[in-house]
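A structural walkthrough
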Amino acid sequence: MKFAQILAVFAALTLSIGNVMAVPPGKTVEFASPMGKVTFDGKAHADKGLKCADCHSKPKLFEMKKGGDKINMAAMNDGKFCGTCHDGNKAFSVKAPDSCVKCHKKDDAGAAGGGGGGGTGGKGDAPKN
Ligand code: HEC
Ligand code: HEC
Ligand code: HEC
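Now for a look at the structure at hand. The structure presented is a predicted model; accordingly, all values stated were derived computationally and were not measured. (Residues numbered from 1 in each chain as written. Chains lettered and ligands numbered in written order. Predicted model: local features only at pLDDT ≥ 70, side-chain atom pairs only at ≥ 80, totals over all residues.)

**Overview of the overall build of the chain**
Helix and strand counts for the chain come out as 5 helices and 3 strands. Written out in order from the N terminus, the α and β elements of the chain read α-β-β-α-α-α-α-β. The 129 residues of the chain split such that 5% are buried. Long-range pairs, those at least 24 residues apart, make up 24% of the contacts in the chain between residues at least 6 apart in sequence. (Helix = DSSP H or I, 4+ residues; strand = E, 2+ residues; numbered from the N terminus. Buried ≥ 20, exposed ≤ 12 C-beta atoms within 10 Å, placed from the backbone. Contact = placed C-beta atoms within 7 Å.)

Shown next, in the form of structure tokens:
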């Protein structure tokens, strides 16, 4: 009886750890780059109606593992990885000169370990597609 309870606790813990690792609902993956850090926001993408399968299985664009893919601009400009959607059609293009900063955020303070909040002022109503 007691042993069963311990097992149950372990099972619950294992499950919750699994959930914490999932990117999409409310999690982000960050990519460092010389152009500035890129933050992939799972929620922002889920809010656009994208499902796990759209990125992880139907076309397998990304591994379910942070750092599991060798992502670079050349591949994306070629329509791979983020560039599958960020082609100026389904989403803003990886090639458009004014789009770089939508993904690459310069953080000139550089120091601040905790990754300070927000900086997401003017989104919301994008004027045009
Ligand atoms: C719009 C694309 C997209 C969608 C939709 C998406 N993911 Fe991901 N996912 C990514 C990317 C990009 C990574 C990081 C891959 C890398 O670093 O190479 C990732 C990583 C992960 C990881 C690894 C996280 C880590 O820290 O190692 C898990 C787990 C994951 N996704 C689960 C899911 C689940 C579950 C869903 C659906 C609820 C989902 N993803 C939907 C793009 C997506
Ligand atoms: C959809 C998001 C997105 C957009 C838009 C984007 N990038 Fe990137 N960029 C990335 C990601 C993700 C990486 C990969 C970081 C890593 O893991 O090395 C990257 C990497 C880079 C690198 C590192 C070297 C390389 O070639 O991979 C440079 C330089 C770069 N981007 C420049 C640009 C420029 C210039 C633009 C605008 C014309 C741009 N990026 C637009 C997401 C984006
Ligand atoms: C399956 C399609 C798909 C893939 C793959 C994808 N995106 Fe997106 N992304 C979208 C859509 C759709 C939007 C919303 C439309 C728009 O803003 O043009 C969006 C919006 C964004 C935004 C702005 C929204 C926000 O507030 O965060 C960023 C930044 C972004 N994506 C980065 C990335 C990066 C980095 C990758 C690759 C690691 C990636 N996306 C891969 C479809 C995708």
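Once you've had a look at it, read on.
**Here we look at the pairing of strand β1 (residues 28-31)**
Of the pairings in the sheet, the one linking β1 to strand β2 (residues 37-41) comprises 4 bridges and is antiparallel in character. Residue pairing for β2: V29 is matched across the bridge by F40. Linkage of β1 to β2, two consecutive antiparallel strands, is achieved through a turn of 5 residues, within which G36 is found at a positive phi near 120°. (Pairing = 2+ DSSP bridges.)

**Details of the site of ligand 3**
If you check the shell around ligand 3, you find 21 residues, and the closest are A44, C82, C85, A91 and F92. Contributions of two or more residues to the shell around ligand 3 are made by β2, α2 (42-46), α3 (52-56) and α5 (100-103). Of all the elements, β2 adds the most residues to the shell around ligand 3, at 3 residues. In the shell around ligand 3, the residues fall into 12 nonpolar, 3 polar and 6 charged. (Near = placed C-beta within 6 Å. Nonpolar A, V, L, I, M, F, W, Y, C, P; charged D, E, K, R; others polar.)

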